[in-house]
Each structure stands twice: as structure tokens, then as C-alpha cells.
Amino acid sequence: MEPSALEPLYYHQDYLTLIRWVLARYPDFWSEPEQDQITCFLGLPSKAQALVIRLLNRKGCVFRVSRLKYPELGSLDEWLEALEHAQFVDFQRTQSENAQCLAKVPLAELQAWQGTRASKSQCVEMAIGRTDLDQWLGRDWLVLRCQNLFDRFRVLFFGNIHQDMTEFVLTGMGLQTFEDYEVDPHFRRFRNRTDLENMMRWACWWADSYATDQELGPIKDWVGRCEEGLKELPDPWRKYPLRFLCRLGLAQMNQDPEWAKRCLFRYLDEREDWEVRARLVRWLKKRGEGDLAQALLDQEESELTPLAQQAYAKLRHQLKSGPAPQTLLQPQPKPVVAAESQASERGGKRRYCGEDAEWSTIETFVLSQYRKQGWDGFFAENGWIQSVLGLWARECVFASVPGAFDHPFQDAPLDLGSEFFFKQRQAIFRAWAEQWRQSNREDWLDHLGSVWLKHGHKRARFYHCSPFSWEVTRTVLAAYPLKAWIELALRFFQLKRSLWRGFPDLVLFREGRVVFAEVKAIKEQVSDYQKNWHHELLRLGFEVWLVRVVVRGEGAASAAPPVG
């Protein structure tokens with residue numbers, strides 16, 4: 001649908017849809033005064049309602065009437081009078097609201113009123129103390145008094161604080177499409193009004209934490225309040241403040257050890273994060289708290305990635321309990337590629353250049369070198385593999401699991417990336433895998449190709465299809481057995497979402513041979529996430545390379561052209 005085809009009051013209809021949805025799903029959440037306010041709003045003329053919605057979609061809560069121009073509403077005087085009578089807007093302002101109004105007044109206007117050439121901050125400070133300020137602002141400035149009520153409507157509908165009415169508009173214009181899934185009519189992300197208030201309070205805390213400019217004193221106070229609020233937050237919201245606690249704890253390990261321990265243990269009480277746990281174990285051992293480190297190490301889950309199993313085995317060996325760690329499968333090292341190098345502007349990635357004198361990122365440079373040897377390929381990293389596996393198993397990901405889908409604008413199920421995601425769909429994934437084990441590769445490729453073209457443009461957290469062509473993707477998929485791709489998909493969906501990153505940088509192919517290549521500078525380390533992917537790919541029979549790039553003059557004697 002073209003933007004011009006939208007109805008003039010399209011946003012009004014969208015908001016009424018949201019309100020009716022929330023009232024049907026959460027009829028017991030509202031106090032008597034709020035019920036009266038909702039009834040009053042629904043009884044207003046449609047254009048008065050539309051004006052409220054227009055104001056809700058603007059920034060802040062104070063607005064200059066003379067700057068409000070909405071042609072579809074005509075003259076606003078009648079609607080403003082109705083809203084003032086219903087107490088949705090107010091022309092009587094507090095001192096802090098007057099200060100917000102003054103912040104929006106142009107400097108020249110303030111200087112002309114006060115007869116001064118002072119700065120904006122000085123003009124505002126002088127104006128706040130004047131007795132005729134209210135008279136000067138007059139009825140040209142209003143305050144929206146119903147924002148809190150409608151903020152709760154928005155959060156109850158979307159279930160988060162980052163989505164807004166733009167979702168309705170983009171979908172109505174045909175600019176975005178969500179996957180098909182069945183919304184659970186019985187699931188309520190918020191169990192009661194207390195859950196909602198705790199979530200709204202957490203949103204305020206989160207904003208306050210950024211306003212502290214990372215000063216430790218205010219942050220510690222925020223953490224104290226955050227810990228208290230965690231006890232009452234519903235499960236979908238606990239992960240956000242928990243992540244914040246983890247980040248703060250890791251940052252303060254050396255500056256304030258006891259406070260760091262408190263934050264990290266609180267985080268690990270509710271989240272199984274083997275990387276944070278392993279780091280905390282090593283840190284405790286270094287500080288001489290071996291017993292505490294051993295106790296923490298004994299709490300890990302049994303289902304771990306190979307990299308986590310290796311890390312825990314190594315830690316146990318260091319603590320003198322358990323066998324020595326096993327070695328992960330390693331990618332095949334390739335001859336070093338020589339290049340010129342220069343730092344990128346504005347702190348970006350370092351750039352490299354070969355004999356063709358074209359500067360590029362390290363991945364593009366290595367790809368160009370291999371193309372000279374007859375290879376073709378593309379820069380894949382995480383987007384490509386997530387698109388392939390997500391589209392292939394989309395009926396499993398978007399299956400009708402209780403509590404997975406709350407509203408019609410979700411790009412993924414609510415439990416995606418959690419320990420419950422695969423467990424709740426285990427039977428669905430097993431049946432899906434068995435179905436494809438009985439199929440042949442050509443049928444599989446034809447099916448995935450049709451899904452890629454039909455669903456690849458939709459808004460889902462998996463799909464990043466636009467940089468990749470299906471023809472090239474088909475070539476890569478056809479190079480390995482279907483069984484290997486099935487096992488890779490099952491392993492992928494069992495992992496936490498944080499472990500999805502780290503897929504090799506490049507996909508190289510030539511004459512039916514396909515290689516996944518990790519690209520690193522000569523002194524650059526392979527991350528744990530990348531090691532995990534390398535192990536999984538090699539275990540399933542995929543070919544993985546590690547390509548190093550050396551800068552000429554820093555070891556060029558060992559440099560050699562890339563070979564296939």
C-alpha cells in the first residue's frame with residue numbers, strides 16, 4: 001500500500017485497535033479513576049482522540065499550540081477545549097513544566113522578551129524567577145496529562161519499551177511484513193498490575209542509570225534499587241537488569257572486588273552463563289578463594305557447548321580435581337597472505353591493500369586474493385547461516401507454543417535464545433529433522449529456495465537475506481550432505497542466542513568444493529565464539545580454514561600467496 005493510500009486518520013484507528021486489544025487481554029488491570037479516564041477518552045469525538053494520539057507520538061509532554069499543524073484535524077480550538085474539559089490537557093503548568101516550555105522557546109524570542117543578549121541557559125534561569133512568566137507563556141503552551149496511562153497501554157500491547165505505533169504504520173504501508181504465527185489468546189506476559197508497575201519502574205531505572213554518566217556512586221545506588229526490583233519483576237523482564245548487573249560486576253572486578261562479587265553472583269543465580277562463570281572462577285582462584293571457586297564450578301549445567309566443556313575441564317584441572325581438558329578441533333591453517341596496512345579513519349577497522357592498490361577491509365582483501373586463484377565467495381559471518389537455518393526451520397521457530405507469541409508484531413518468539421526455547425520445541429524439531437532425513441537433497445534445495453524467496457524479506461530476527469543471492473547459497477548448500485546440515489541446524493537451535501555469533505567470515509567455493517574461512521591478522525586471536533563454531537563445523541565434516549594476513553615489513557619473510 002502506498003503512503004498516500006492510508007486513511008487520513010489511520011493512526012487513530014491503529015490506536016483504537018491497540019486499546020481494545022489491551023482492554024480485552026487485561027481488563028482487571030485498571031483502577032476506578034483509570035477506568036473513568038478510559039471511558040472518557042473513548043467517548044470523545046474522533047478528532048479529539050486523534051489529537052491526543054498525535055501528541056502522544058511526539059517527544060515530551062509540553063507542546064506549543066501555535067506549532068501544532070494537523071491538516072486532517074482542521075482547527076484545533078474545538079478539540080483542545082474538549083480535551084481540557086476532560087482533563088487530558090492542561091494550560092496550567094508547574095514550575096518544572098514552565099522550564100521545559102522555555103527550553104523549547106527560540107533564543108531570539110527569549111532575548112527580545114527580557115531585553116538582554118544573554119545565553120539560552122541564562123535567559124531560562126532569569127525567566128523562571130519572573131512573576132509574569134505564566135502570563136507570557138499563556139495558553140500557547142499545554143501539558144499532556146494522560147501520558148502515563150497511554151504509556152501503559154503501549155507496553156501492555158507490545159510487551160517491551162522499544163516498539164511503538166510505527167509498527168502499525170510500516171505494516172499498513174506494506175513496508176514490513178511479519179511471519180505468520182498464532183497469537184496465544186490465553187497468555188498474559190504481565191500476570192497482574194504489580195508486574196506492569198515493576199516493569200515501568202525498571203524502565204525509569206534504566207534511563208536513570210544512563211543519566212549518571214557512569215559515576216560509580218549513583219550506579220551503586222541504582223544497582224541496590226535494581227536488585228530489590230528484580231524480586232518482583234516478571235520473568236521476561238528480569239534478563240535486562242541482570243545483564244546490567246553482569247556488565248557492572250565485570251567492570252569492577254579490580255576496583256571494588258566485593259561489590260563485583262555481589263553483582264556477578266546475583267547474575268549467575270538466575271542465568272547460566274558459562275563464560276561469566278569461568279571468568280569468575282579464574283578470578284576467585286587468583287585471589288586465593290579456591291574453595292569458593294570450586295563451589296561455583298560445581299554448579300554448571302550438564303548440557304554445555306564443547307568449548308564450555310573444555311573450559312570447565314581446564315579449570316578443574318587447575319584446581320586439582322578432574323581430568324585434563326580435551327582439545328577442540330582446529331581449523332586448517334593456510335599460508336600467510338602479505339599486504340600493506342593502514343589505520344582506518346574515525347577509529348574504524350584497519351584496511352589492507354595488495355598489488356592492485358585498492359584498500360579494503362581484511363575480509364574483502366582476502367576474498368580478492370583467493371579470487372585470483374580461481375575461487376569465488378562472499379562475506380558471510382552470522383547473517384548468512386542464521387538466514388539459512390532460520391528460514392529452513394521457520395515452522396519450528398514460529399510454532400504455536402504456549403506463551404511464545406503475545407501480539408501480532410513480534411519478530412521472534414518470546415523465549416528465543418533462552419534455555420527453554422529448544423526444550424519446549426524438542427519434539428517439533430525432532431519430527432522436522434526426521435522428515436528431512438527421509439528426503440533427498442534436490443527436494444530439500446527446491447523447498448528451501450522457495451521459502452527463501454517467499455519469506456526472506458519478512459521481518460524476523462533470523463532473516464538477513466538481502467546481501468546474499470539464492471543461487472550462490474544453493475551452490476554452497478549442495479556441496480555438503482543434507483545430514484550434516486540437519487545436525488548443524490539442531491545444534492544451532494539448542495545453543496543460547498549469544499553463542500550464535502562467531503561463524504567464519506568467508507564462504508569460498510570452487511568446482512564443487514566449499515570452504516568456510518576465518519580471517520585474522522597475524523597477531524589477532526580467535527575468539528571463543530569462533531572456536532565453538534569451528535569445532536561444530538569440523539565435527540560435522542565441513543572444511544574450515546584459518547587465513548592469516550601479515551603486514552609487509554612485519555614478518556614478510558614468511559609471506560606466501562594464498563593457495564587452494
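Residues numbered from 1 in each chain as written. Predicted model: local features only at pLDDT ≥ 70, side-chain atom pairs only at ≥ 80, totals over all residues. Heavy atoms only, no water.

Asker: Explain the environment of Glu543 to me, using residue names and the numbers behind them.
Answerer: Here Glu543 lies in the loop between helix H26 (528–539) and strand E10 (544–551). Taking the C-alpha atoms as reference points, Glu543 and Ala517, 26 residues apart in sequence, are found 8.6 Å from one another. (Helix = DSSP H or I, 4+ residues; strand = E, 2+ residues; numbered from the N terminus.)

Asker: Residue-level account of a positive patch on the surface, with values.
Answerer: On the surface, Arg279, Arg282, Lys314 and Lys531 cluster together into a positively charged patch. Tracing the chain through its elements places Arg282 in helix H15 (residues 274–286). (Patch = residues over 30% accessible without salt bridge, like charges linked within 9 Å, V, L, I, M, F, W, Y side chains within 5 Å. Areas by Shrake-Rupley, 256 points an atom, 1.4 Å probe, with all protein chains shown as cover. Salt bridge = Lys/Arg side-chain N within 4 Å of Asp/Glu carboxyl O. Lys, Arg positive; Asp, Glu negative; His and termini not counted. Charge placed at Lys NZ, Arg CZ, Asp CG, Glu CD.)

Asker: Can you tell me about the packing of helix H1 (residues 10–25) against helix H3 (residues 46–56), naming the residues and giving the values?
Answerer: Where H1 contacts H3, the two axes come as close as 9 Å, and the packing angle between them is 85 degrees. The angle between H1 and H3 falls in the class roughly perpendicular. Contacts from Tyr11, His12, Tyr15 and Leu16 of H1 reach H3 at Ser46, Gln49, Ala50, Ile53, Arg54 and Leu56. Among the residues making up the contact of H1 with H3, the classes are represented as 6 nonpolar, 3 polar and 1 charged. (Axes fitted to C-alpha atoms, helices over the stretch in contact; angles between N-to-C directions. Parallel < 35°, antiparallel > 145°, perpendicular 65-115°, else oblique. Contact = heavy atoms within 4.5 Å. Nonpolar A, V, L, I, M, F, W, Y, C, P; charged D, E, K, R; others polar.)

Asker: Before we move on, can you summarise unusual backbone geometry with the specific residues and values?
Answerer: The phi dihedral of Gln87 falls on the positive side, at around 65 degrees, and the residue is not glycine. Along the chain, Gln87 turns up in the loop between helix H4 (77–85) and strand E2 (89–90). If you check the backbone angles, Glu511 has positive phi at about 50 degrees while not being a glycine. Inspection of the secondary structure puts Glu511 in the loop between strand E8 (506–510) and strand E9 (513–521).

Asker: Run through the sheet that holds strand E1 (residues 62–64), naming residues and quoting values.
Answerer: Taken in spatial order, the 3 strands make up an open sheet running E1-E3-E2, and their pairing is antiparallel. Where the open sheet ends on each side, the last strands, each with one partner, are E1 and E2. Direction of pairing for E2 relative to strand E3 (residues 141–144): antiparallel, over a ladder of 2 bridges. Opposite Val89, over in E3, you have Leu144 as the bridge partner. (Pairing = 2+ DSSP bridges.)

Asker: Mind laying out the pairing of E3, listing which residues take part and the relevant values?
Answerer: Residue alternation in E3 divides its side chains into two sets, Trp141 and Val143 and Leu142 and Leu144, and both sets are buried. Pairing of E1 with E3, which is carried by 3 bridges, proceeds in the antiparallel orientation. Paired with Phe63 across the bridge in E3 is Leu142. (Buried < 20%, exposed > 50% of the residue type's maximum accessible area, 1.4 Å probe, protein only.)

Asker: Please give an account of the packing of aromatic side chains that cites residues and values.
Answerer: Counted by the stated rule, this structure contains 49 aromatic pairs. Considering the side-chain rings of Tyr10 and Tyr11, the 5.5 Å spacing of their centres and the 90 degrees angle between planes classify their relative orientation as edge-to-face. Ring geometry for Phe178 and Phe409: centres 5.6 Å apart, planes at 70 degrees, overall edge-to-face. Highlighted residues: Phe178 in the loop between helix H10 (166–172) and helix H11 (193–211) and Phe409 in the loop between helix H20 (394–397) and helix H21 (420–424), separated in sequence by 231 residues. (Phe/Tyr/Trp six-rings, centres within 6.5 Å; stacked < 30°, edge-to-face > 60°.)

Asker: For the pairing of E8, give the residues involved together with the corresponding values.
Answerer: With 4 of its 5 residues buried, E8 lies for the most part within the structure. Pairing of strand E7 (residues 376–379) with E8, which is carried by 4 bridges, proceeds in the antiparallel orientation. Bridge assignment links Asp376 to a residue of E8, and that residue is Phe509. For E8 and E9, the ladder comprises 5 bridges, and the chain directions are antiparallel.

Asker: Go over H1, please, and point to the residues and values.
Answerer: The end-to-end C-alpha distance of H1 is 23 Å, a good match for the 22 Å that 16 residues give at a rise of 1.5 Å each. Every buried residue of H1 is listed here: Tyr11, His12, Asp14, Tyr15, Leu16, Leu18, Ile19, Val22 and Arg25. Contacts from the buried residues of H1 go to helix H2 (32–42), H3, helix H9 (147–158) and H10. (Expected span 1.5 Å × (residues − 1).)

Asker: Account for helix H18 (residues 362–371), with residues named and values stated.
Answerer: Among the 10 residues of H18, 7 are classified as buried, and the element is accordingly described as predominantly covered. Burial in H18 covers these residues: Ile362, Glu363, Phe365, Val366, Leu367, Gln369 and Tyr370. Where H18 is buried, its residues contact strand E5 (337–342), strand E6 (351–353), E7, E8, E9 and E10.

Asker: So, the environment of Asp406: which residues are in play, and what are the values?
Answerer: Along the chain, the position of Asp406 falls in the loop between H20 and H21. Residue Asp406 is classed as buried on the basis of its relative accessible area of 2%. Put simply, Asp406 and Arg189 are 217 residues apart on the chain and 7.3 Å apart in space, counted from C-alpha to C-alpha. Not counting residues up to four positions away in its chain, the partners in contact with Asp406 are Trp21, Arg25, Tyr26, Leu156, Phe157, Val183, Phe187, Arg189 and Leu414. Reaching out from Asp406, the side chain makes a polar contact with the side chain of Arg25 at a distance of 2.9 Å. (Polar contact = N/O pair within 3.5 Å; in protein donor to acceptor, adjacent residues only side chain to side chain.)

Asker: Now, about the packing of helix H22 (residues 426–437) against helix H25 (residues 482–494): what can you tell me, with residues and values included?
Answerer: Packing of H22 against H25 brings their axes to within 10 Å, and their N-to-C directions diverge by 170 degrees. It follows that H22 is roughly antiparallel to H25 by the angle criterion. Between H22 and H25, the residues in contact are Phe429, Arg430, Trp432, Ala433, Trp436 and Arg437 and Leu482, Ile486, Glu487, Ala489, Leu490 and Phe493, respectively. Across the contact of H22 with H25, the residue classes tally to 9 nonpolar, no polar and 3 charged.

Asker: Please give an account of the confidence of the model for the protein that cites residues and values.
Answerer: Across the protein, the average pLDDT comes to 86, with 89% of residues at or above 70. This model gives residues 555–564 a pLDDT under 50, and the stretch forms 21 contacts once residues within four places in sequence are excluded. (pLDDT = per-residue confidence, 0-100.)

Asker: Break down the nonpolar core for me, citing the residues and quoting the values.
Answerer: Judged by nonpolar contacts, the single largest core of 93 residues is most densely connected at Trp384, Trp392, Trp432, Trp485, Phe493 and Phe516. When residues in this core are grouped by element, the largest group, 9 residues, is from H25. One finds Tyr11, Val65, Phe153 and Ala203 within the second-largest nonpolar core, a separate group that totals 52 residues. (Core = buried A, V, L, I, M, F, W, Y, C linked by side-chain atoms within 4.5 Å.)

Asker: Talk me through the pattern of salt bridges; I want residue IDs and the actual numbers.
Answerer: Inspection of every chain in the model, using the stated rule, returns 33 salt bridges. One salt bridge in this structure joins Glu487 and Arg437, with 2.7 Å as the shortest N-O distance. Of the two residues, Glu487 sits in helix H25 while Arg437 sits in helix H22, which places them 50 residues apart along the sequence. By relative accessible area, Glu487 is classed as partly exposed at 27%.

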